[in-house]
Every structure is written in C-alpha cells, then in structure tokens.
Amino acid sequence: MILTVTVPGVLALLLAVVLLRRMRPWLAFGAGLGVILVAQIVLQVRLRLEVEACVERACRLITDAAACQAAAFGCHEWTGLAALAHLIGAAIDVVLLAAGCAIAAALLRRRRAAKAPG
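Here the structure is a predicted model, which is why all the values come from computation and not from measurement.

*Asks:* Can you walk me through the nonpolar core in this structure?
*Replies:* Across soluble globular proteins, you tend to see nonpolar side chains buried next to one another. Of all hydrophobic cores here, the largest spans 13 residues; its most connected members are Ala 16, Leu 20, Ala 28, Ile 36, Leu 97 and Cys 101. Of all elements in the fold, only α1 (2-21), α2 (25-59) and α4 (79-115) reach the threshold of two or more residues within this core. The greatest single-element share of this core, amounting to 6 residues, is contributed by α4. Setting aside its immediate chain neighbours within four residues, Ile 36 contacts Pro 8, Ala 12, Ala 90, Asp 93, Val 94 and Leu 97.

As structure tokens, this is what we get:
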C-alpha cells in the first residue's frame, strides 16, 4: 500500500518540477494530476480484475448459484475498503503534489530573482 501512494506521488512531483523549471506552472500541476489519475485507474482496474478472477476460481466447480455466492463472498469482502484506500492514497498524493509545486515554484522564483540583473 505504501508503494501505491509513494510511486505515483514521486513521479507526479518529479514531472511537475521538470515542467516548473520550463516556466509552465499550470501544466506542471496538471501533468502531476494526470500521473496520479492514471495510477488510480490502473489500481482500480487491477482490483476489479483480481476480484473477478477470485469469483471465477470460487465458482468454477459449483453449479448452485446460492452456493457460488457464498463461496465468492470472500472475494468481495474487502474490495470496498481496498478501493477506498487507493482513493485516500490518491488524495494524499494530490495534497503533496500541490504543496510540492508551491514550494518548488517559490524556490525557482527566488533563484530567478537572485540571478536577475538589477
């Protein structure tokens, strides 16, 4: 779970810093959000596919629909919490991205002001 928060967050922040250095602050933040969004889509789709595979394995040899539902219960038991945990991770990434972009923009502005002749 820690990797699902840190990897997209770090990638988003690195991309944002690169774009901030090229004087594109809104593009930097937008690209960072894009990275976080893509990671979130991948995580949610992966979770859905894992649940479907679990249900298929649970019901493979069962012909009774009620017994299949009972067997597949374990596949769905924590799915909602896992999806929520991924969304909370994305929210943390967005907050860290916004703070990181603000700090990086302020530092770059200060450096440019110090280098400017005058």
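*Asks:* Explain the state of the cysteines to me, please; I cannot follow it from the model alone.
*Replies:* Linking two cysteines covalently via their sulfur atoms produces the bond known as a disulfide. All chains considered together, the criterion is met by 2 disulfides. The disulfide bridge from Cys 54 ends at Cys 75, spanning 2.0 Å between sulfur atoms. On the sign convention where negative means left-handed, the S-S torsion of about -75° between Cys 54 and Cys 75 marks this disulfide as left-handed. Placement of Cys 54 in helix α2 and of Cys 75 in helix α3 (residues 65-76) is noted, with a sequence separation of 21 residues between them. Residue Cys 59 pairs covalently with Cys 68 via a disulfide, S to S 1.7 Å. Disulfide Cys 59-Cys 68: torsion about the S-S bond near 100°, hence right-handed. Among the residues examined, Cys 68 registers a relative accessible area of 18% and is labelled buried. Counting only the cysteines that take part in disulfides, in the order they occur along the protein chain, gives the pairing 1-4, 2-3.

About the cut-offs
Residues numbered from 1 in each chain as written. Predicted model: local features only at pLDDT ≥ 70, side-chain atom pairs only at ≥ 80, totals over all residues. Heavy atoms only, no water. Core = buried A, V, L, I, M, F, W, Y, C linked by side-chain atoms within 4.5 Å. Buried < 20%, exposed > 50% of the residue type's maximum accessible area, 1.4 Å probe, protein only. Helix = DSSP H or I, 4+ residues; strand = E, 2+ residues; numbered from the N terminus. Contact = heavy atoms within 4.5 Å. Disulfide = S-S within 2.5 Å.

All quantities given are derived from atomic positions and should not be read as evidence of function.
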